[in-house]
Amino acid sequence: ERYVRWRKQFRDWLRAPVTVADGMAAVASLDGTVAFFTADTGELLWAASLGTPVTYSVALPPAGNGVGRTAYAGDAHGSMHVLDVVAREHRPVFQAIGAIEGPPVVAAGHVYALSADGCVYQIDARTSSYQMMLELGEPALGALMVADGVLFAAGAGGAVHAIDINDRQRRWRLDTGGLVHAAPVAADGWLYVGGTDGLLWSVDIDDHRRRGAVDIGVPLHTAPQCADGRLFVGGSDGVVRAFDVSGGHAGHPEELWPRPPKVGDEVSGLAVADDRVYAAADGMLVELDIDTGRPGLRLKVGNSVTAAPVAAGNFVYVAGLDGVVSCLSM
């Protein structure tokens, strides 16, 4: 308990990672509760009940520039909600045909969301006005992220679609041999995608014909993480692997750790902060040395953790299927 800054118990499962921004943490539960806390003390600011399961993380646009302390959450019935934390009010923004798949993401004053029927929505973070931006042409899995002015969305057939957020046109698509369940990550103009086929794809964002793939050999269900020219990948075999993606290795990642550590039965997610990598697996949070991969501190954080840990400031936030969210001072 010496590492626990604060801990909160919810009534239902927490499958989504904690969202932290501007000193506030947001937690979403499968019973439809969305709760907001002061990030460093755990003081409850507000808890809203949306009435339907919230499976994915909450989006927190930066406060200021006419934007108050608002949040966006999508539910399993296809409603996107805006929540005003100061006024303690919430209302639906739009109703999609399918469930909101994947966490909504924030970029350049907008919030982007993806529905199960493959529709991409763009919401003005200041006014909450919205438009249907584009249809993928196939059902969606929920992996969504924005980098370099491009929105990347995963379809249920294994394709990753690259969409220009300014002209709303599809730039390209990458057809993988598996399913992409977790958001890709971008660094220095390259996109890195992991899927159930066990391949780690690297794609030049501007010229998608420049691409490569590393065969990890096991399905990849969690989002890769990048820091300082290094890429970290968690496998379904419980092993965390590190790759050099700096300079000439950007399109051809080279494995760094000669003895990649096994942290559990399956890696639930990764976070990177300073000189440490944090891996969640089997209800444990394991600290790894960023240079060697050598395991350090191991903390029991719940019965089962299926959400990625989140590093922000001096803390790591972990949510578990036992309904417990923990803020850890590492």
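First, a word on what this report is: a plain description of the structure on this page. (Residues numbered from 1 in each chain as written. Predicted model: local features only at pLDDT ≥ 70, side-chain atom pairs only at ≥ 80, totals over all residues. Heavy atoms only, no water.)

## Considerations on the pairing of strand 13 (residues 140-147)
- Most of strand 13 is tucked away, with seven of its eight residues classed as buried.
- Across five bridges, the pairing between strand 13 and strand 14 (residues 150-155) is antiparallel. Of the residues in strand 14, the one forming a bridge with Met-145 is Phe-152. (Buried < 20%, exposed > 50% of the residue type's maximum accessible area, 1.4 Å probe, protein only. Helix = DSSP H or I, 4+ residues; strand = E, 2+ residues; numbered from the N terminus. Pairing = 2+ DSSP bridges.)

## Details of unusual backbone geometry
- Although it is not a glycine, Ala-108 adopts a positive phi angle of roughly 50°.
- Among the secondary structure elements, Ala-108 is positioned in the loop between strand 9 (105-107) and strand 10 (110-114).
- One non-glycine residue with positive phi stands out, namely Asp-228, at about 50°.
- Take Asp-228: it is sitting in the loop between strand 21 (225-227) and strand 22 (230-234).

## What about the layout of surface pockets?
- In this structure, the largest pocket encloses a volume near 1,400 Å³.
- Residue lining of the largest pocket: 48 residues in total, with Pro-17, Ser-57, Pro-103, Ala-223 and Ala-308 positioned closest to the centre.
- Secondary-structure elements contributing two or more residues to the lining of the largest pocket are strand 2 (19-21), strand 9, strand 13, strand 21, strand 25 (269-273) and strand 29 (310-312).
- The biggest single contributor to the lining of the largest pocket is strand 13, with six residues.
- For the lining of the largest pocket, the per-class residue count stands at 35 nonpolar, eleven polar and two charged. (1 Å grid on protein atoms, 1.4 Å probe; cavity = no way out; pocket = protein on both sides within 12 Å on 5 of 7 lines; lining within 4 Å. Points joined across faces, edges and corners; volume = space filled by probe spheres on them. Nonpolar A, V, L, I, M, F, W, Y, C, P; charged D, E, K, R; others polar.)

Any link to function would need more than the numbers given here.
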